[in-house]
Amino acid sequence: MQDMSAALRTPGMLMLGGGSPAIIDAAVDIFQHALQKVVEDKQLFINTVCQYSDSAGDVQFRETLADYLNQKQGWNLTRDNILITSGSQSAFKMLFEYFTKGRRKIVFPLLPDYIGYGILPDEDMLGIPGELELIGQDSFRYNISARLEVNLDDVGALCISRPCNPTGGMLSDLELIRLLELAEQRGLNLILDNAYGQPLPNIVFGKHSLPWADNAIYCLSLSKLGLPGVRTGIVIGNTRLITTLAELNARQALAPGSLGPAMASVLIQNGDLDKLLDEIIKPWHISRKDQVIEFMQRHFAEQTIRYHEVDGGFFNWIYCENTKISGHELYEKFKTNRVVVVPGYAFAPGLKHDWPHLQQCFRLSTGQPLDIVERGIATISRVLQTVV
Ligand code: PLP
């Protein structure tokens, strides 16, 4: 992370490494408008910045959000199913620590998965490498390995991102239901990280749904909607769990911040959230995904490279099976040529054995201005020609 921040400060560096959401002008206008409303309405301003919220997060926001989600998803939530945290990263820390009490582990059922899950001591995590499925000439995806089922002793919870950061793949509805059922049979919770997914920011390209289950914990965030600076995470789960987490929230931070919830309440109430999701964010990302695929097909035409199928999010995951150097050497070579990516081996929380495949993978972020993304991909292509 520090290495990447230093690279970002280097003039001329093509930054395809970060996880920041794209700055979309029409979305920024909507956010400014929502913030203005919070500032101009004196009572709302007082509630938002002059008072502590409830330890589970602003009550009015949780009610508004519960109604919104019930209507969108057909769920039956009340505010007591919802907890607000200071960003979803802090929610993961709280959840992982809670579920690893009593020497239990968090299992990541489908590696590669999000770098930020690697926050526990090694012995408290277990990551199961996915099984590669090669598709056509230049695609692939990972499937959950049968080894998952025999690795569920002494486990506290399962956790997976959907869409996945880094691969952009999504568990199908059937895979999700199977995973929820497997977890239920073993008395486990499934933490589903929807930072890029449903119901918001809904950077999801195909048809997927999100069924309710009593053992599911859905983690959402306002960050990839375009508001990482307000640090707002949302945990949705059964009321017993949410009550316990609210106590932990109180101990850790008294109460979460209220600015993100206040802005999100305004967006829900004036209908701007739906406009943002359906008319701005999703079309922007669909168009960007298509452009990036076109860049890759053009610049990588002469190379033996596979890309993970993209079901959502704003990353591309590249697998170059013929590279002769390590993932770190490749990363350094890219950097010397002024392009930054994230090396594949970083996305392996709880991995217990060497998985050489990850040395041949890396992640591109595609939210930067288009000319930067294209120049980055062209540079990557030139570097790859020198290492196969
Ligand atoms: N989950 C995933 C998959 C992410 O990529 C990120 C951030 O990049 C987070 C969670 C954390 O997001 P935040 O703490 O900003 O809500």
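Just so it is clear, the model here is predicted, and its values are computed rather than measured.

Novice: Let's hear about the overall build of the protein: which residues, and what values?
Specialist: Looking only at helices and strands, one finds 11 helices and 15 strands in the protein. Whereas a compact globule of 388 residues would reach a radius of gyration of roughly 21 Å, the protein reaches 21 Å, a difference of no more than 12%. Each principal axis of the C-alpha atoms in the protein carries an extent, and together these give about 60 × 50 × 35 Å. In the protein, which comprises 388 residues, the proportion classed as buried is 47%. Intrachain contacts of the protein at a sequence separation of at least 6 include 74% that bridge at least 24 residues.

Novice: Can you break down the domain arrangement of the protein residue by residue, with the values?
Specialist: When its domains are assigned, the protein resolves into domain 1 (2–24 + 274–385) and domain 2 (28–270). The C-alpha centroid of domain 2 is placed 24 Å from the C-alpha centroid of domain 1. For the side of domain 1 that touches domain 2, the secondary-structure elements that each account for two or more residues are α9 (272–299), β11 (306–308) and β12 (315–319). Among the elements that take part in the side of domain 1 that touches domain 2, α9 stands out by supplying seven residues, more than any other.

Novice: Outline the site of the ligand, supporting the account with residue identities and numerical values.
Specialist: Not every one of the 14 residues close to the ligand is listed here, only the nearest: G87, S88, Q89, S221 and S223. Partitioned by chemical class, the residues of the shell around the ligand number three nonpolar, 10 polar and one charged.

Novice: Got a sec to walk through the packing of α9 against helix α11 (residues 370–385)? Specific residues and values, please.
Specialist: Relative orientation of the contacting elements α9 and α11 amounts to 25°, with a least axis distance of 10 Å. It follows from the interaxial angle that α9 and α11 lie roughly parallel. Note that α9 runs across α11; the crossing there is right-handed. Between α9 and α11, the residues in contact are Q291, V292, F295, M296 and H299 and L370, V373, E374, I377, A378 and S381, respectively. Here the contact of α9 with α11 is composed, by residue class, of seven nonpolar, three polar and one charged.

Novice: Run through unusual backbone geometry, naming residues and quoting values.
Specialist: For the peptide bond that leads from Q198 to P199, omega is -5°, which places it in the cis range. The residue P199 is located in the loop between β8 (189–193) and β9 (216–221) in this model. Notably, R103 is not glycine yet its phi reads approximately 60°, a positive angle. Structurally, the position occupied by R103 is in the loop between α5 (88–99) and β3 (105–111). R103 gets classed as exposed once you count the C-beta atoms within 10 Å, which come to 9. One non-glycine residue, R231, adopts positive backbone phi at about 45°. On the secondary structure map, R231 appears in the loop between β9 and β10 (233–236).

Novice: Go over the packing of helix α2 (residues 25–40) against α9 with me, naming the residues and quoting the values.
Specialist: Two elements in contact, α2 and α9, have axes separated by 10 Å at closest approach and are oriented at 170°. Taken together, the axes of α2 and α9 lie roughly antiparallel to each other. Side by side, α2 and α9 meet where A26, A27, I30 and A34 of the first sit next to D272, L276, I280 and I281 of the second.

Novice: Now, about the sheet that holds β11: what can you tell me, with residues and values included?
Specialist: Within a sheet, each strand pairs with its neighbour through backbone hydrogen bonds, oriented either parallel or antiparallel. In space, the six strands of this open sheet follow the order β5-β6-β11-β12-β15-β14, with mixed pairing throughout. Looking at the sheet topology across the chains shown, the edges are occupied by β5 (131–135) and β14 (342–343).

Novice: Residue-level account of the sheet that holds strand β4 (residues 125–129), with values.
Specialist: Read across the sheet, seven strands follow the order β2-β10-β9-β8-β7-β3-β4 without closing on themselves; strand pairing throughout is mixed. The open sheet is flanked by β2 (82–85) and β4, the only strands paired with a single partner. Ignoring which end each strand starts from, the neighbouring axes of this sheet average 20° apart. Inspection of the sheet shows β8 paired to β9 by four bridges, in the parallel sense.

What counts and how
- Residues numbered from 1 in each chain as written.
- Predicted model: local features only at pLDDT ≥ 70, side-chain atom pairs only at ≥ 80, totals over all residues.
- Helix = DSSP H or I, 4+ residues; strand = E, 2+ residues; numbered from the N terminus.
- Rg over C-alpha atoms; globule rule 2.2 N^0.38 Å.
- Buried ≥ 20, exposed ≤ 12 C-beta atoms within 10 Å, placed from the backbone.
- Contact = placed C-beta atoms within 7 Å.
- Domains from an automatic or database assignment.
- Near = placed C-beta within 6 Å.
- Nonpolar A, V, L, I, M, F, W, Y, C, P; charged D, E, K, R; others polar.
- Axes fitted to C-alpha atoms, helices over the stretch in contact; angles between N-to-C directions.
- Parallel < 35°, antiparallel > 145°, perpendicular 65-115°, else oblique.
- Left-handed = near helix turned anticlockwise from the far one by under 90°.
- Pairing = 2+ DSSP bridges.

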